[in-house]
Structure formats: C-alpha cells, structure tokens
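So you can see what is in the structure, the chains are spelled out below.
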Amino acid sequence: MTLPAAPAANAAAALEVDVFGLDRSQKRAWLLEGLNRLTRHHQAQCAPYARILDGLWPADDAASLEQVPWLPVRMFKLLDLKSIDDDKVSRTLVSSGTTGAAVSRIFLDADTARAQTRALTRIFSHFAGNRRLRMLVVDDSSFLRDRSRFNARAAGILGFSNFGRDHLYLLDEDLQPDWTALEQWLQAHPDEPVLLFGFTFIVWQSFVQAARRDGRQIRFPAGSMLVHGGGWKKMDEQKVDNVAYKAALSQTFGIERVHNYYGMVEQVGSIFFECEHGHLHAPAYADVIVRDLQDLHPVPHGTTGAVQVLSLLPESYPGHSLLTEDLGVIHGEDDCACGRPGKYFAVLGRIKNVEIRGCSDTRTVPNA
C-alpha cells in the first residue's frame with residue numbers, strides 16, 4: 001500500500017494501515033512520526049512522564065526509532081501513569097506479580113480500549129480469516145460466574161472468544177478435561193474445523209498430557225487451529241520447546257496449525273503472532289528493537305538482548321515505547337519465508353534476576 005502522507009492522528013487512524021502493508025523504509029517513517037507525536041502528547045498530558053523525559057531524554061523529537069524515549073515496564077509498578085483525566089478512565093488493567101509484589105496499573109479510555117480490540121481483530125483475521133469457527137476453550141468457565149476471579153486468563157479468553165461460536169469450555173475448575181463432552185461436541189459437526197484457544201502451559205498439561213494419561217485418541221477436523229500464549233517458563237522446565245510443542249499437538253490430536261503469540265498488559269496493541277514458519281511478527285503499527293543487556297544499545301539482528309516494544313496505539317497512557325524484561329532475538333526483516341513484511345523475531349524467556357510476572361496474573365478492573 002501507499003504510505004499515508006501524515007502520521008496517524010490517533011490510534012484509530014493508525015489501524016487504517018494494512019496489518020502487514022509496509023516495508024522497512026515506509027514503516028520506519030510512518031512509525032517515527034507517530035511515535036514522536038505520542039511522546040509529545042504524553043509529555044503534555046502526563047506530568048510524571050514529562051519529568052522522566054526532562055531528566056533522561058533530549059527535548060527534541062527522536063531522529064530514528066532507536067532514539068524514541070522508552071520506559072522500563074517496571075515503571076508502571078511504581079507510578080500511576082496516565083494521559084487522561086480520571087473521569088475518562090473506562091477500564092484499568094492490573095498486572096499482578098508474585099505474592100506481595102507491586103502491580104502495574106494501565107489506564108484505558110474508551111478510544112484506546114476500542115483500538116486494542118480492533119487491533120486484535122485485524123491481526124487475528126489476517127492469520128485465521130474472517131470466518132467464525134466453532135471454538136474450544138482449553139480452560140474452565142468459572143470466571144463467567146465469579147468475576148472476582150477475572151484475571152488475565154479470563155480477559156484473554158473473552159477477547160479471543162469473539163472470533164469463535166458454539167463455544168465449549170473443556171476443563172473443570174480443577175483444570176481436568178471432560179472428554180465425553182468434547183467427543184459429543186465434535187460429533188455434532190464432525191467435518192467443521194475448530195478454533196482452539198488456551199494458555200501455553202494449560203494446553204500442555206490439561207490437554208496434551210491429560211489425553212496421553214487417559215489414553216484418549218481424539219482427532220480434530222482438517223483445518224483446525226490452536227492459538228496459545230503465555231510464558232514458556234514452565235515449558236522450559238519440562239524441556240519442551242516450540243517444535244516439540246507443535247509436534248505433540250499434531251501427534252495427539254491431528255492439529256497442524258498452531259500459532260503462539262506474544263503480548264503484555266503494559267502495552268496494548270503489542271500482539272505479535274507467530275507465522276507458519278515459527279516466527280513472531282510485528283504488525284505495521286508496532287515494532288520491536290533488541291538492546292544489549294549491558295549498555296542498552298541496539299544490537300544487530302541475530303543477537304540476543306532485551307526486548308523493546310513500540311506501538312502507535314497507547315493514547316491514554318505513555319506506553320508507546322517500553323523496554324520489557326524479556327530476552328529476544330530479531331531474525332530478520334522483510335524477508336521471512338511466510339512473505340509478510342516487517343521484523344520477525346523470537347522471545348527466549350525472562351531476563352535473569354528480574355521479578356517474574358506472568359501474563360496469567362492480569363485482571364481487568366472496571367472504572368468505579
């Protein structure tokens with residue numbers, strides 16, 4: 001597509017660009033203008049953010065994506081950072097750490113929340129198409145009855161549930177599968193592809209391993225697809241990598257399409273989906289930079305370092321440029337075998353000696 005003549009005026013305008021419609025030179029120019037606009041916007045509207053910029057960053061606009069001021073995600077555990085008045089906060093996302101640890105609080109207004117939902121829809125549709133498939137949720141449904149348990153798992157399930165129909169929740173509150181219910185559900189439409197969704201370790205423990213334990217031989221219709229996300233820490237402990245994970249889904253259930261995704265509560269819009277070749281991809285309105293763990297300078301592709309994420313979507317809080325606590329490596333740009341332009345990368349785990357906070361410990365708190 002042709003690059004728009006001006007930077008995105010807001011998050012909604014940013015989403016008018018095709019999800020993977022910009023090559024490197026177009027994208028860098030588009031993102032840089034939009035991110036500089038967001039830096040100025042948040043500097044004017046968020047006093048704590050302005051003080052951080054005044055103390056640490058030059059006053060001029062960034063000359064490159066690598067020079068855009070960034071915040072460590074940990075800052076959201078220390079400060080309430082928002083660029084809107086209190087009466088405009090429609091939703092607060094809260095990310096919990098370990099017991100007693102500080103939490104991140106992310107403040108969304110209605111426009112930013114809508115942009116987040118629309119971004120997820122556009123990215124998902126790019127990979128899965130617009131057809132709403134029958135949906136199997138590899139989790140329990142108790143959060144629907146008890147909103148006091150409304151955490152990140154619940155938020156993720158509800159978000160992705162919009163892409164499916166005829167939903168079946170496979171697990172009980174002890175995370176044990178109801179195989180009889182699943183078999184009856186599949187038999188009702190034996191040839192229709194199924195969309196499966198779950199969190200990485202729960203799918204492994206309560207679906208794959210449980211089927212092997214119980215001696216279940218269940219085959220899903222051709223074209224079925226699993227979408228899963230969440231940390232790989234427990235998978236690493238069991239020495240199960242992405243290749244072995246996908247192989248197990250194929251062998252146990254005949255599911256050939258398996259897509260991981262990477263995202264975080266601290267930056268709405270930073271949803272990076274895995275392509276058919278096993279790489280996470282940055283959409284047109286977001287990007288990723290990898291920095292050296294010692295001096296935080298950007299490192300060449302193929303070098304492991306700290307992941308920085310950029311996004312044009314956070315209008316209600318200064319989350320457009322964040323340094324995460326994750327290790328990653330960029331494999332390339334504009335030349336992935338899947339054909340999608342943009343950077344493609346892998347997340348390798350948490351940086352050592354950094355407080356662990358799992359995405360499954362996030363909850364949504366409506367504005368009072």
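Just so it is clear, the model here is predicted, and its values are computed rather than measured.

> Break down the overall build of the protein chain for me, with residues and values.
Helices and strands together make up the secondary structure of the protein chain, namely ten helices and 15 strands. The buried share of the protein chain, taken over its 368 residues, is 53%. Partitioning the intrachain contacts of the protein chain with sequence separation of at least 6 by distance along the chain shows that 72% fall at a separation of at least 24. Accessible surface, the protein chain as shown: approximately 16100 Å² in total, 50% of it carbon and sulfur.

> Describe the confidence of the model for the protein chain, and please don't skip the residues or the numbers.
Residues with a pLDDT of 70 or more make up 88% of the protein chain, whose mean pLDDT is 87. Every residue in residues 356-368 is under pLDDT 50, and counting partners more than four places away or in other chains gives 48 contacts.

> Give me the lowdown on the packing of helix α2 (residues 24-45) against helix α3 (residues 47-56), citing residues and values where you can.
Where α2 meets α3, the axes come as close as 6 Å, and the angle between the chain directions of the two elements is 115 degrees. On α3, the residues that touch Thr39, His42, Gln43 and Gln45 of α2 are Ala47, Tyr49, Ala50, Leu53 and Asp54.

> Now, about the pattern of salt bridges: what can you tell me, with residues and values included?
According to the stated counting rule, one finds 19 salt bridges in the structure shown. The residue aspartate 287 makes a salt bridge to lysine 27 at a minimum N-O spacing of 3.9 Å. Note that aspartate 287 is positioned in strand β11 (residues 286-291) and lysine 27 in helix α2, a separation of 260 residues in sequence. You can call lysine 27 buried: its relative accessible area is 3%. Members of the salt-bridge network, linked through shared partners, are Arg74, Glu325, Asp326 and Arg350.

Reading guide: rules and limits
Along each chain, residue indices are assigned from 1 in the same order as the chain's sequence is written. Since the coordinates come from a predicted model, pLDDT governs what is reported: local features require at least 70, and pairs of side-chain atoms require 80 or more to be given and counted, while whole-chain, interface and lining totals use all residues. To get the side-chain values, all heavy atoms of the structure are used, and hydrogens and water are removed first. Comment: elements are numbered from the N terminus, with helices defined as DSSP H or I runs of at least four residues and strands as E runs of at least two. Residue burial is assigned from relative accessible area. The probe radius is 1.4 Å, only protein chains are included, and a residue is buried under 20% of its type maximum, exposed over 50%, and partly exposed in between. We call two residues in contact whenever any of their non-hydrogen atoms come within 4.5 Å of each other. Every accessible area reported is derived by Shrake-Rupley at a probe size of 1.4 Å, with residue values counting cover from the shown protein chains alone. Predictor confidence is given residue by residue as pLDDT, running from a minimum of 0 to a maximum of 100. Between the N-to-C directions of two axes lies an angle of 0 to 180 degrees, each axis being a line fitted to C-alpha atoms and, for a helix, fitted only over the stretch in contact. Put simply, a salt bridge is a Lys or Arg side-chain nitrogen that is within 4 Å of an Asp or Glu carboxyl oxygen.

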